[in-house]
Amino acid sequence: MVEPADRPSTAGQRLGATESFGVSTLEPGLRPPAQAPGRQVSIRVQMLDDTQEVFQISQRSPGKLLFDLVCVHLNLVEGDYFGLEYQDQRKMTVWLDLLKPTLKQLRRPKNTILRFVVKFFPPDHTQLTEELTQYLFALQIKRDLACGRLICNDTSAALMVSHIIQSEIGDFDETQSWQHLLHNKYLPDQDAIRDKITDCHRKHVGQTPAESDYQLLEIARRLEMYGVRLHPAKDREGTKLSLSVAHTGVLVFQGYTKINAFNWSKIRKLSFKRKRFLIKLRADPSNAHHDTLEFAMASRDCCKIFWKICVEYHAFFRLFEEPKPKPKPILFTRGSSFRFSGRTQKQIIDYVKDSEVKKVPFERKHSKILSGGSMSPQSSSFRSQSQVPKESAMSVPLADQPDSARLGHQAEFNGSEEPVGATSPANGSHDMQAAPGSDLAQSRQNHHVAGSEPEQQLLNPGSPGSEDSPLGSPFVIVNGNGSVNGQGMGGTGVLGPGHSPEGGQLSPLTSPLLTDAGYVRNEDEDEARRKFPTDKAYFIAKELLTTERTYLKDLQVITKSFQDVVGKDEAFPDFINNLISTSYDPLYKFHQGFLKEVEQRLGQWEGRSNAHIKGDYQRIGDVLLKNIQGLRQLTIHLQKHSECLVELERACRSSRKVEALCREFEQQRVCYLPFNIFLLRPLHRLLHYKLILERLCKHYPPTHDDFRDSRAALADISEMVLELQGTMMKMENFQKLLELKKDLTGIDNLAIPRREFIRLGCLSKLSGKGLQQRMFFLFSDSLVYTSRGMTPTNQFKVHGQLPLYGMTISESEEEWGVPHSFTLFGQRQSVVVAASCASEMERWVEDIRMAIDLAEQSSSPHTDLLSTSLSDNKLLEDGGGEQESEEELCGSRSSLERQGYRGNTTVHVCWHRNTSVSMVDFSVAVENQLSGNLLRKFKNSNGWQKLWVVFTNFSLFFYKSHQDDYPLASLPLLGYSVTVPSESENIHKDYVFKLHFKSHVYYFRSESEYTFERWMEVIRSATCSASRSLPSTRKDLY
């Protein structure tokens, strides 16, 4: 018999369940469909209890698969009442279409958070059979109350909040109840009715959480605004109204007052035409309304979104079964093919009634009260299991818990909050966990299974070792991509060539790396390294320190280096100089103080200044909370950074002197990246704080002294990121268009509103002389192809442009006999191109098809990008352009060596490495920035050289120390592979990873297992779009 502690992790582990008994949209007894082949993508989903889960899906998976994974993860039987919503590129909240591929709908999945929320509100909550479903509905009501969406009188509001508090802290206690209300916000104007809430709470003695949920839903369902989501509109007279949809039909509101309702039985047809939403009623002599009612909405997209939810509401509540798909017409299509997907309410009720689904225990995240549906006794044993999920959902709590809830977890749930432990798998398969303190070198020698513990755990200098936690060692989650705790452990990701350290020719894509001479450490010095604390939290705090040092240096480029240059030149406009100064100087001063506090805390943690004090300073959450709250006061300066970027670009366009001044500054060694990237660094830094705090909260048990401060800081920084996310996305796209404009010649008006960059890379174009290497740039409205020109600045010369409006694409490998080729049929011309490999072709075809869909939806069919005429472009294609291209390929190395400017950009790296990168890859690179000390070794050298290494913008930058103002060398990683050294390479050291491209090999050594995993993760992220399939387990790395 299997003991509870040895049972494998299951889909419902986050909620304490032992098995998964039901799947929302699947037939009884079935599991979610198998993942389609292809690259796995991480999708973040925010649950109703404010935690975030990460699900791994394949690129081609439909939205239904992701939704099923979420329902399996929650052990949710009645999942069809719920849906996944997100903000699209138009900043409009839309529902995830379950029939379409998920990645076709999410433009930037890395930066998109889907929200799992209630979609269909039934008129009677007794129709919800499962206690878990009622609990999730109660969380939705709680959220609607807090955001002011569920409008009601004070008496109803106080009564509902009292039931919420009863479910969270139990019976009334005056002090506890008062403190709970002080620390938690349930209503926008809660303070005004606090006495009413406490008076109501006194009357709920003995009421269980499930009973409180029932009473809460009973009150909420009687409110006029229950389940109402308002969509702004105007009637024919221009009066401002709002439309909504409910189980009964379409509702009309003026303000928050319902002024009309159209029952489904009276509606003959719902449709929209451009911005007009039309309701056609059935003929009724007694009805004073017109046969057709017309409402004007903000845009066609608004009409379509509301029309879709009306279609779904009608199908869910009125139909007996899911509507069948329409047969595809042979010649012409008329109307939309959109339909409701999933079980109707009748099907759900019948299924639950007939199948007698076994009740599944679950955890109430914000409650300390044990009820019939709370955690099972086995949940406390999950932390010591030997198996963890292969496909994991990582829980990241966003909102702070009340004190009582945290005490309840400690006393009754034995610390089963998810940030420390493993979470449930998305597919039920399992791998073994990695021991936190296992020796990597020993693992390589003995070929241990990933995660098997050595007989004696070796605590090497700098290794994490055993965790300082009352719950023992935390899980190290190994997912399907071979990552640990969500961080990469190695494998064959493709990354850029460097030089040959053995004396070969230098690469045109990198500065000469440091030679073997200088800073070489011998073996004795290496073994005598100072021992660090072994807690993982220390290494997370140290990552904060090292990246903060780099960030402060980047700010110094703006506040000192740039202003010193432009301040001396009268051609530079004073108002822009003042704008940059007032926007960045306060941030620089603030982060100087922040860095000093972090350095001081790390010194105390390491015992340099207070070795006699133990534990008081072994935390970082309090420092982060204090400074993030201080950073919130500087939000007004962060909001001006987009203005700085726009005004600087405007000045460069209007004045050649200003443009030349900025170009000269970018050639200085201190400006190791395009200057516009430095201007966006403060916005990017907010993302880094959020990721660091997520790792910290995931590591800490809820009972840890630092957990509360860390999670409060995470809630604050998450709010800031959400507030500035729209600006950040727009500015990243704008900055990328500006950088591409510098790399291209023969093109005008690249950075225009609504144009988005999607992908750039190398493809071979079929012409009369055969296949010719060309650089392609894909935008949301056109595809531009170029070749590298023989200009002093190594710019790419535009050959032609293919508008995406009306374009079609087809694979043409058999037709032309060229591997990995496809044909683009444009309105003006057709082009045959070939990719370097099948995966590269798949990425291009997918992105082009997505861009074609965007262009079809756009109101402007075509915008000409080129400054040259079509006839000129034809001449370039037919004649000297091809010959010049061949000469360029032969002379590229010498050209780049003699001309430093713009010779090391991502465009040039892709040209030489014959690869491509997308805007999604750039967004991933923004999040995955890292810096710190590494030991580097060449292939045939003996010593290890200590360097300060900064990873950003797909490249490694090398410094002697973190105090240096500029890098000594750089190494673009596109095209490289990152692995762990094999036994034959005789690298008998821990935490070593290997970078190699053709004959160029470099070894890098980190100080601990945590830093090793982080470096592997971020380096692999630089090449995930161009990599082979990653290993599924840690064992595959060796």
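Concerning the overall build of the chain
In step 1: Helix and strand counts for the chain come out as 28 helices and 35 strands.
In step 2: When burial is assessed residue by residue, the chain has 59% of its 1038 residues classed as buried.
In step 3: Carbon and sulfur atoms provide 49% of the accessible area of the chain, an area that totals close to 42,400 Å².

As for the state of the cysteines
In step 1: Summed over the entire model, instances satisfying the criterion amount to 0 disulfides.
In step 2: Here cysteine 652 stays free of any disulfide, with the sulfur of cysteine 662 as its closest cysteine sulfur at 3.8 Å.

What to know about the nonpolar core
In step 1: Judged by nonpolar contacts, the single largest core of 98 residues is most densely connected at Phe82, Phe116, Phe277 and Ile279.
In step 2: At 10 residues, helix 8 (residues 300-318) tops the list of elements feeding residues into this core.
In step 3: With residues up to four places along the chain from it excluded, the contact list for phenylalanine 277 reads Leu243, Leu270, Ser271, Phe272, Leu293, Glu294, Phe295, Met297, Cys303, Phe306, Trp307 and Cys310.
In step 4: Core analysis: the second largest hydrophobic core is formed by 80 residues, Ala541, Leu595, Phe665 and Met731 among them.

Comments concerning the pairing of strand 34 (residues 992-997)
In step 1: Judged by how many residues are buried, strand 34 sits mostly within the fold: 5 of 6 residues are covered.
In step 2: As paired elements, strand 33 (residues 977-979) and strand 34 share 3 bridges and run antiparallel to each other. By the bridge assignment, threonine 979 is partnered in strand 34 with lysine 994.
In step 3: Taking the residues that link successive antiparallel strands as the turn, the strand 34-strand 35 (residues 1000-1005) hairpin has 2 residues, and the phi of lysine 998 there is positive, at about 55°.

A closer look at the pattern of salt bridges
In step 1: Counted by the stated rule, this structure contains 44 salt bridges.
In step 2: For glutamate 719, the salt bridge goes to arginine 632, with nearest N and O atoms at 3.4 Å. Within this pair, whereas glutamate 719 is found in helix 21 (residues 707-743), its partner arginine 632 is found in helix 15 (residues 621-632), the two being separated by 87 residues in sequence.
In step 3: The partly exposed category is assigned to arginine 632, whose relative accessible area is 27%.
In step 4: Among the ionic pairs, aspartate 847 bridges to arginine 759, the shortest N-O distance being 2.6 Å.

Some remarks on unusual backbone geometry
In step 1: The phi angle at asparagine 953 is positive, at roughly 55°, despite the residue not being glycine.
In step 2: Of note, the phi angle at phenylalanine 954 is positive, near 65°, even though the residue is not glycine.
In step 3: Within the secondary structure, phenylalanine 954 is located in the loop between strand 30 (944-952) and strand 31 (955-959).

Some remarks on a nonpolar patch on the surface
In step 1: Together, Ile151, Leu230 and Tyr256 make up a nonpolar patch on the protein surface, roughly 260 Å² of accessible area in all.
In step 2: Its place among the elements puts tyrosine 256 in the loop between strand 8 (249-254) and strand 9 (257-263).
In step 3: Using a relative accessible area of 47% as the deciding quantity, one classes tyrosine 256 as partly exposed.

Concerning helix 21
In step 1: Under the 1.5 Å per step criterion, the end-to-end length of helix 21 is only 47 Å for 37 residues, more than 12% shorter than the ideal 54 Å.
In step 2: If you look at helix 21, its biggest bend is around 50°, right at leucine 724.

Points about the confidence of the model for the chain
In step 1: For the chain, per-residue confidence averages 75 on the pLDDT scale, and 71% of positions sit at 70 or higher.
In step 2: Within the chain, the element-level pLDDT minimum falls on strand 13 (residues 387-389), averaging 32, and the maximum on strand 5 (residues 113-118), averaging 94.
In step 3: Long-range and interchain partners of residues 866-902, a stretch whose pLDDT sits below 50, account for 76 contacts in this model, where long-range means more than four residues apart.
In step 4: Contacts for the low-pLDDT stretch residues 1026-1038, under 50 throughout, to residues beyond four places or in other chains number 50 contacts.

Calculation criteria
Residues numbered from 1 in each chain as written. Predicted model: local features only at pLDDT ≥ 70, side-chain atom pairs only at ≥ 80, totals over all residues. Heavy atoms only, no water. Helix = DSSP H or I, 4+ residues; strand = E, 2+ residues; numbered from the N terminus. Buried < 20%, exposed > 50% of the residue type's maximum accessible area, 1.4 Å probe, protein only. Areas by Shrake-Rupley, 256 points an atom, 1.4 Å probe, with all protein chains shown as cover. Disulfide = S-S within 2.5 Å. Core = buried A, V, L, I, M, F, W, Y, C linked by side-chain atoms within 4.5 Å. Contact = heavy atoms within 4.5 Å. Pairing = 2+ DSSP bridges. Salt bridge = Lys/Arg side-chain N within 4 Å of Asp/Glu carboxyl O. Patch = residues over 30% accessible without salt bridge, like charges linked within 9 Å, V, L, I, M, F, W, Y side chains within 5 Å. Expected span 1.5 Å × (residues − 1). Bend = angle between axes of the 7 residues up to and from the residue. pLDDT = per-residue confidence, 0-100.

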